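# Coordinates in review
Below are the chains, spelled out letter by letter.
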Amino acid sequence: MDRYAMEVSGGCQCGAVRYHATQMMDNSHICHCRMCQKAVGNVFAALVAAPREAITWTRGTPARFRSSEHVDRGFCRDCGTPLFYDNTEGNRVNFTIGSLDHPELFPPGANTGQEGQVPWFTSLTTIDDGGATEDGQEAWASAIKSTNHQHPDHDTDRWPPTSAE
Ligand SMILES: [Zn+2]
Ligand SMILES: [Zn+2]
């Protein structure tokens, strides 16, 4: 597994927890195991690691649940966003790709934990295409936008913004 220099940031939905990494590992993958399914509340976890010493928690402190002897699952205690898989004996932390500010930059290169893979995983790309939220639901999309409490996909000096901003 190789590491490479890259400035990466991410965090939870509410913005209480933010992280930054200056290096990443080339291990982007999808884990289908039953423990990852539960930890992220989804049918698989998409994960990519950063070396432990390259990580800075720039806002807040993640909560941890010890899912097995050496493994912590990290999440925001305020909003619940799953943030990482951390083998505490190891030298890297695997972040949930969806919590990164730019998940599109980390295409998975492997499937793991396939004993837990849902049988319909391989047909996901063949099901009906529902289009973007904006398509045909303009009122709903604008209601979401005007009341959106999600932290933006970049670092902020202060969050949530004050009413003057
Ligand atoms: Zn949060
Ligand atoms: Zn797993």
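This text follows the structure it describes.
For every chain, the first residue of its written sequence is number 1, and the numbers climb from 1 along that sequence. Here chains are named by letter from A upward and ligands by number from 1 upward, in the order in which they appear as written. It should be noted that, the model being predicted, local features are given only for residues of pLDDT at least 70 and side-chain atom pairs only at 80 or more, the latter also being counted only at that level, while totals for whole chains, interfaces and linings use all residues. The side-chain figures draw on all heavy atoms in the structure; neither hydrogens nor water molecules are used.

Sites may look incomplete, because water is not among the atoms used; the donor set itself consists of N, O and S atoms within 2.8 Å of the metal (3.2 Å for Na, K and Ca). Binding of the zinc ion (ligand 1) to the protein goes through C12 (SG), C14 (SG), C76 (SG) and C79 (SG), at separations of 2.3 Å. Square planar and octahedral assignments, for four and six donors respectively, both demand that opposite donors be over 155 degrees apart and that all other angles lie between 65 and 115; tetrahedral needs four donors with all angles between 85 and 135 degrees, and anything else is irregular. Considering all four donor atoms around the zinc ion (ligand 1), the spread of angles at the metal, 106 to 113 degrees, places the coordination shape in the tetrahedral class. Of note, the zinc ion (ligand 1) draws all its donor residues from one chain, in the sequence arrangement C-x1-C-x61-C-x2-C. With C14 in the loop between β1 (3-11) and β2 (18-25) and C76 in the loop between β7 (71-75) and β8 (82-87), this residue pair connects regions lying 62 residues apart in the sequence. Look at C14 and you get partly exposed, because its relative accessible area is 24%. Only runs of H or I of at least four residues qualify as helices and only runs of E of at least two qualify as strands under DSSP, and these elements are numbered from the N terminus. Throughout this description, buried means an accessible area under 20% of the type-specific maximum (1.4 Å probe, protein chains only), exposed means over 50%, and partly exposed covers the range between.

Time to look at a negative patch on the surface. Patches here are clusters of residues that have more than 30% relative accessible area and form no salt bridge, with a 9 Å joining cutoff for like charges and a 5 Å cutoff for nonpolar side chains (Val, Leu, Ile, Met, Phe, Trp, Tyr). Residue burial considers only the protein chains on display, and all accessible areas are found by Shrake-Rupley using a 1.4 Å probe. What makes a salt bridge here is a side-chain nitrogen of Lys or Arg within 4 Å of a carboxyl oxygen of Asp or Glu, nothing more. In this tally, Asp and Glu contribute negative charge and Lys and Arg positive charge; neither His nor the terminal groups of the chain are included. Each charge is placed at NZ for Lys, CZ for Arg, CG for Asp and CD for Glu. The grouping of D128, D129, E134, D135 and E138 at the surface amounts to a negative patch. Structurally, D129 can be placed in the loop between β10 (111-112) and α2 (138-146). The exposure class assigned to D129 is exposed, which follows from its relative accessible area of 74%.

Let's shift gears to the packing of aromatic side chains. Only Phe, Tyr and Trp rings take part, Trp by its six-membered ring, and two of them pair if their centres are within 6.5 Å. Stacked means planes under 30 degrees apart, edge-to-face means over 60, and tilted covers everything else. If you walk through the whole model with that rule in mind, you get five aromatic pairs. Summarising the aromatic geometry, the rings of Y19 and W57 are spaced 5.6 Å apart at their centres and angled 70 degrees between planes, so their arrangement reads as edge-to-face. Residue Y19 is located in strand β2, and its partner W57 is located in strand β5 (residues 55-59); the two are separated by 38 residues in the primary sequence. The buried category is assigned to Y19, whose relative accessible area is 0%. Every member of this aromatic cluster is reached through a ring pair, and the members are Y19, W57, F84 and F95.

This part covers the environment of W140. Its place among the elements puts W140 in helix α2. It is 31 Å that separates the C-alpha atoms of W140 and F95, two residues lying 45 residues apart in sequence.

Turning our eyes to something else, we now look at the side chain of S67. Its location among the elements puts S67 in strand β6 (residues 63-68). The class for S67 is buried, based on a relative accessible area of 18%. Within the structure, S67 has its side chain in polar contact with the side chain of R73 (distance 3.2 Å). Here, residues are in contact when the closest pair of their heavy atoms is within 4.5 Å. In contact with S67, other than residues within four places in its own chain, are M35 and R73. The definition of a polar contact used here is a pair of N or O atoms within 3.5 Å, where within protein one atom must be able to donate a hydrogen and the other to accept one, and adjacent residues in sequence count solely through side-chain atom pairs.

The subject of this paragraph is the sheet that holds β5. Within the open sheet, the three strands sit side by side as β1-β2-β5. Their pairing is antiparallel. In the strand order of this sheet, the two ends are held by β1 and β5, each with one partner. Mean inter-strand twist for the sheet, computed between neighbouring axes without regard to direction, equals 20 degrees. Of the strand pairs in this sheet, β2 and β5 are connected by four bridges, and their pairing is antiparallel. Paired with H20 across the bridge in β5 is T56. DSSP calls a pair of strands paired once it identifies at least 2 bridges connecting them. Comment: axis = line fitted to C-alpha atoms, over the contacting stretch for helices; angle = value between 0 and 180 degrees taken between N-to-C directions.

Turning to the nonpolar core, a few remarks are in order. By size, the foremost hydrophobic cluster in this structure holds 17 residues, and its most contacted members are M24, F95, L100 and F106. Listed by contribution, the elements that provide at least two residues to this core are β2, β4 (45-51), β8 and β9 (92-96). Ranked by the residues each element gives to this core, the list is headed by β2, at three residues. If we skip the residues at most four places from it in the chain, L100 touches V8, S9, G10, Y19, V48 and F106. Residues enter a nonpolar core if they are buried and are Ala, Val, Leu, Ile, Met, Phe, Trp, Tyr or Cys, with the set joined through side-chain atoms within 4.5 Å.

Ordered by their spatial adjacency, seven strands build an open sheet running β6-β7-β8-β9-β4-β3-β10, and the pairing between neighbours is mixed. Looking at the sheet topology across the chains shown, the edges are occupied by β6 and β10. The sheet contact formed by β8 and β9 spans two bridges and is antiparallel. Bridging across to β9, Y85 finds its partner in N94.

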